[in-house]
Amino acid sequence: MEIEELAKEVAKGLVNTGVEGGFECVTCSTAGDYPSCGCSQWEGGRADNLLSTIDGGSHYAGRSYSDIENAGELDALSALLDSEQGQQAQLNLLASDAVDYINAAIDNGLTDARCVIFAGIWGPTSTYIEGLFIKNRIARGYDITANLANLYQVWHDQYTDAAGVGEQYREGYENRADNTYNYVANLDLSAYGY
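Note on numbering: residues in each chain are counted from 1, in written sequence order. Per-residue local features are limited, in this predicted model, to residues with pLDDT of at least 70; the limit for side-chain atom pairs, both in listing and counting, is 80 or more; totals at the level of whole chains, interfaces and linings are taken over all residues. Side-chain metrics rest on all non-hydrogen atoms present in the structure, leaving aside hydrogens and water.

J.: Give me the lowdown on the overall build of the protein, citing residues and values where you can.
T.: Going along the chain from the N terminus, every DSSP run of H or I of four or more residues is numbered as a helix, and every run of E of two or more is numbered as a strand. Scanning the protein from terminus to terminus reveals 9 helices and 3 strands. Taken from the N to the C terminus, the helices and strands of the protein come in the order α-β-β-β-α-α-α-α-α-α-α-α. On C-alpha atoms alone, the protein measures out to a radius of gyration of 17 Å, which is about the 16 Å that the 2.2 N^0.38 rule sets for 194 residues. For the protein, the spread of C-alpha atoms along the principal axes amounts to about 50 × 40 × 25 Å. Counting the 194 residues in the protein, one finds 43% classified as buried. Using C-alpha atoms as the atom set, the radius of gyration is obtained and then compared with a globule rule of 2.2 Å times the number of residues to the power 0.38. Buried means the residue's accessible area, taken with a 1.4 Å probe over protein chains only, is under 20% of the maximum for its type, while exposed means over 50%, and partly exposed covers the values in between.

Printed below as a string of C-alpha cells:
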C-alpha cells in the first residue's frame with residue numbers, strides 16, 4: 001500500500017473507532033486548562049489552526065476550556081466542530097496528520113499494512129512515543145513488524161507503561177488497544193490487493 005492509502009485507512013480508523021473522540025467532541029485537556037477538539041483531540045496551536053479553517057471557529061481559538069465553559073459556549077463549539085464544514089476541516093487535518101503517523105510506524109520498523117494502520121491509529125497519543133515504542137520492542141526481539149496479533153498483545157500489555165501516562169489510564173489504553181485491534185483485524189483491504 002502507498003503512504004496515502006495507509007493514511008486514508010488510519011484517518012478512517014480514527015473516525016470509525018472513535019478512540020480519540022467524535023467530530024463534535026470538546027474536552028478539557030489532561031495537560032492543562034485548554035480544549036481538546038474533535039476526532040483527533042487537537043490541542044493548543046493545532047486546535048487553533050483547525051478552528052481557523054471553520055467559519056466562526058476563530059472565536060474559540062486561544063481561549064481556555066474554563067473560559068469557553070463559563071461563557072456557556074461548549075455546546076456551540078461542539079456544534080461547530082460537528083457541522084459539515086467542521087467535519088471536513090477535521091478530515092483534511094487528519095489526513096495530513098496520518099501521514100506523519102504512518103511514517104513513524106514505517107520508519108521504526110513496521111512492514112505489514114495492518115500493523116502500520118494499527119500503530120497509526122495510536123499516532124495522536126504521541127507520534128514520538130509511538131515510534132520509540134515500536135523501535136524498542138523490535139530491538140528487544142518482539143515479533144511485531146508484520147504480525148498484527150503480536151503487535152496488539154505487546155501494545156495492550158506494555159504501551160501504558162512505556163508512554164508513562166500513569167495507572168489511571170491503563171484500562172482506557174487497554175480498551176483502546178482492543179478496539180483498534182478488532183477494527184484493523186476486520187478491515188477489508190482487498191481493494192489494495194491484501
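J.: Explain the pattern of salt bridges to me, using residue names and the numbers behind them.
T.: Within this document, salt bridges are pairs made up of a side-chain nitrogen of Lys or Arg and a carboxyl oxygen of Asp or Glu, the two lying within 4 Å of each other. Using the criterion set out here, one finds 7 salt bridges in the structure. As a salt-bridge pair, Arg-170 and Glu-167 come within 2.6 Å of each other at their nearest N and O atoms. Classification of Arg-170 by relative accessible area gives buried; the value is 16%. According to the relative accessible area criterion, Glu-167 is exposed, its value standing at 54%. Here the salt bridges share partners, and the residues they tie into one network are Arg-63, Asp-67 and Glu-73.

J.: Now, about unusual backbone geometry: what can you tell me, with residues and values included?
T.: Its identity as a non-glycine residue notwithstanding, Gln-41 has a phi of 50°, on the positive side. For Gln-41, a relative accessible area of 15% translates into the label buried.

J.: Break down the sheet that holds strand β3 (residues 42-43) for me, citing the residues and quoting the values.
T.: The strands making up a sheet associate through hydrogen bonds between their backbones, and the pairing can be parallel or antiparallel. Strand pairing is defined by DSSP finding a minimum of two bridges between the two strands. One open sheet holds the 3 strands; their spatial order is β1-β2-β3, and the pairing between them is antiparallel. The open sheet has two free edges, formed respectively by β1 (26-28) and β3, since each of these has just one partner strand. Where strand β2 (residues 35-37) lies against β3, 2 bridges are found, and the strand directions are antiparallel. Residue pairing for β3: Ser-36 is matched across the bridge by Glu-43. Seen against the sheet, helix α4 (residues 74-82) touches β1 and β2 and runs at an angle of roughly 130° to β1. Contacts are residue-level and defined by heavy atoms, with any inter-residue pair within 4.5 Å sufficient. Convention adopted: a line fitted to C-alpha atoms gives each axis, helices being fitted over their contacting stretch, and angles between N-to-C directions are expressed from 0 to 180 degrees.

J.: Can you explain the side chain of Arg-137? Please cite residues and give values.
T.: Within the secondary structure, Arg-137 sits in helix α7 (residues 127-139). Counting rule applied: Lys, Arg positive; Asp, Glu negative; His and chain ends not counted. Buried Arg-137, no salt bridge; nearest opposite-charge side chain is Asp-161, N-O distance 7.6 Å. Once residues within four sequence positions are removed from consideration, Arg-137 is found in contact with Tyr-142, Ile-144, Val-154, Gln-158 and Ala-162.

J.: Describe helix α2 (residues 44-52), naming the residues involved and giving the relevant values.
T.: Residues of α2 that are buried: Ala-47, Leu-50 and Leu-51. Taken end-on, α2 shows its buried residues confined to a sector of 95°, consistent with a single buried face. The inward-facing, buried residues of α2 contact β2, β3, α4 and α5 (84-107). As used here, the arc is the angular range of directions from the helix axis to the C-beta atoms.

J.: Would you mind going over helix α8 (residues 148-163) in detail, with residue names and values included?
T.: A bend of about 45° at Asp-157 is the largest found in α8. At the C-terminal side of α8, Gly-164 shows a positive phi close to 65°. At any given residue, the bend is defined as the angle formed between two axes, one fitted to the seven residues that end at that position and one fitted to the seven that begin there.

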